[in-house]
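# Descriptive analysis of the structure
As a plain string of letters, each chain reads:
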Amino acid sequence: MGSYTTPSSSKLVFRQLFEKESSTYTYLLADSFHPEKPALLIDPVDKTVERDLALVKELGLKLIYAINTHVHADHVTGSGLIKTKVPDVKSIISKASNAKADLFVEHGDKIYFGDIFLEVRATPGHTLGCVTYVTGDGVNHPQSRMAFTGDALLIRGCGRTDFQGGSSDKLYDSVHSQIFTLPKDTLVYPAHDYKGFTVSTVGEEILYNPRLSKDKETFKNIMQNLNLSSPKMIDIAVPSNMVCGLQDSKSDL
């Protein structure tokens, strides 16, 4: 695999953060040129909320959104906990997920933080409500573009499709139509990695992804024969994440 640097943009603050128990990546993005330095967190984890908020404070940013790519089954989202500590923060998830949040997004929507935005691309298949967030291609945006793919596309892999409304047929179409059509130098930042990789590119995954580089029927056969055990946190994580990670709280968001 190649080595990559943060996309060139003097405006964008970007940090990739890691939660080791679930091998989850959380991403911090902010517009450093805007007077308020508005920021968002993608896929925060409850166990690392204190770390993430401390970093936001150290960098002088104003956190406005805590957003999720989908309803995770292997950890509890930090969105709800963040809201209890920074009440002005709004939680975001896809409308198709049927989970609770302050704001719901659909395919084609744009999430603005300052003069920078993330485009929402529906990428169902791992779950019914998965979305990929992609940086824009305008003058204020980083080059190369960045795609935060959740579990739809992992580095040399993809999310499983055997629960939460998953479908290998839909996942294959989602990735090929919504991610593999991006410029080949687009940087791929997944929600998880289990082998120590931090970033890939669309071009690399088109060529080398051992599942999604195959034809659809081969892909579906691969996915049907994974024989994976259930995530150990699924019975806790999914119910909690359906209510923004606040299952034990009386908060209505």
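Looking at an unreviewed UniProt entry, the protein chain carries the name persulfide dioxygenase, with the source organism given as Anisodus acutangulus. In its Subcellular location (unreviewed entry) section, UniProt records this for the protein chain: "Mitochondrion". On record in UniProt, under Cofactor (unreviewed entry), the comment for the protein chain is "Fe(2+)".

## What about the overall build of the protein chain?
Along the protein chain, the regular secondary structure elements total 6 helices and 12 strands. In terms of overall dimensions, the protein chain is globule-like: its C-alpha atoms have a radius of gyration of 17 Å, near the 18 Å expected for 253 residues. If you line up the protein chain on its principal axes, its C-alpha atoms span 50 × 45 × 30 Å. The proportion of buried residues among the 253 residues of the protein chain is 55%. Restricting the contact set of the protein chain to residue pairs at least 6 apart, pairs at least 24 apart contribute 64%. Accessible area for the protein chain stands at about 11,200 Å²; split by element, carbon and sulfur atoms hold 50% of it.

## Overview of the UniProt feature "domain: Metallo-beta-lactamase" (unreviewed entry) in the protein chain
What UniProt calls "domain: Metallo-beta-lactamase" (unreviewed entry) maps, in this numbering, to residues 23-192. The straight-line gap between the two end C-alpha atoms of residues 23-192 is 5 Å; of that span, 17% is helix and 31% is strand.

## What about the sheet that holds strand β9 (residues 131-135)?
Reading across the sheet, the 6 strands line up as β7-β8-β9-β10-β11-β12 and stay open at both edges, with mixed pairing between neighbours. In the strand order of this sheet, the two ends are held by β7 (110-113) and β12 (200-201), each with one partner. With 2 bridges connecting them, strand β11 (residues 187-190) and β12 associate as antiparallel partners. Residue pairing across strands places V188 opposite S200, the latter belonging to β12.

## Re the pairing of strand β4 (residues 62-67)
Looking along a regular strand, one sees side chains alternate from face to face of the sheet. For β4, the buried fraction is high: 5 of the 6 residues fall into the buried class. Judged from the 5 bridges that link them, strand β3 (residues 38-42) and β4 form a sheet pairing that is parallel. Each residue of the ladder has a partner; that of P38, found in β4, is K62. Note that the unit made of β3, helix α1 (residues 49-58) and β4 has a crossover that is right-handed. In this fold, the crossover linking β4 to strand β5 (residues 90-94) by way of helix α2 (residues 79-85) has right-handed handedness.

## A short note on the sheet that holds β4
With mixed pairing, the 6 strands of this open sheet are ordered in space as β1-β2-β3-β4-β5-β6. Looking at strand neighbours, the two that pair on one side only are β1 (12-19) and β6 (103-105), the edges of this open sheet. In this sheet, adjacent strand axes meet at a mean angle of 25° when their direction is disregarded. Bridge count between β5 and β6: 3 bridges; the pairing is parallel. What sits directly across from I93, in β6, is F104. With respect to the sheet, α1 is in contact with β1, β2 (24-31), β3 and β4, its orientation differing from that of β1 by roughly 160°.

## Notes on the packing of aromatic side chains
Applying the stated criterion to the full structure yields 10 aromatic pairs. On the basis of an interplanar angle of 10° and a centroid distance of 6.1 Å, the ring pair of F14 and Y27 is categorised as stacked. In this pair, F14 is assigned in strand β1 and Y27 in strand β2, connecting sequence segments 13 residues apart. Plain terms: the ring middles of F14 and F148 are 6.2 Å apart, the flat faces sit at 50° to each other, and that makes the pair tilted. Remark: F148 occurs in strand β10 (residues 146-150) and F14 occurs in strand β1; sequence separation between them is 134 residues. In terms of burial, F14 and F148 fall into one category: buried. Through a chain of ring-to-ring contacts, the aromatic side chains of F14, F18, Y25, Y27, F148 and Y189 assemble into a single cluster. Across from the ring centre of F117, 4.5 Å away, lies the NZ or CZ of K110, which sits over that ring.

How each quantity is defined
- Residues numbered from 1 in each chain as written.
- Predicted model: local features only at pLDDT ≥ 70, side-chain atom pairs only at ≥ 80, totals over all residues.
- Heavy atoms only, no water.
- UniProt positions renumbered as here; feature names shortened; annotations may be inferred.
- Helix = DSSP H or I, 4+ residues; strand = E, 2+ residues; numbered from the N terminus.
- Rg over C-alpha atoms; globule rule 2.2 N^0.38 Å.
- Buried < 20%, exposed > 50% of the residue type's maximum accessible area, 1.4 Å probe, protein only.
- Contact = heavy atoms within 4.5 Å.
- Areas by Shrake-Rupley, 256 points an atom, 1.4 Å probe, with all protein chains shown as cover.
- Pairing = 2+ DSSP bridges.
- Right-handed = clockwise from strand over helix to strand, strands pointing away.
- Axes fitted to C-alpha atoms, helices over the stretch in contact; angles between N-to-C directions.
- Phe/Tyr/Trp six-rings, centres within 6.5 Å; stacked < 30°, edge-to-face > 60°.
- Lys NZ or Arg CZ within 6 Å of the ring centre and 35° of its normal.

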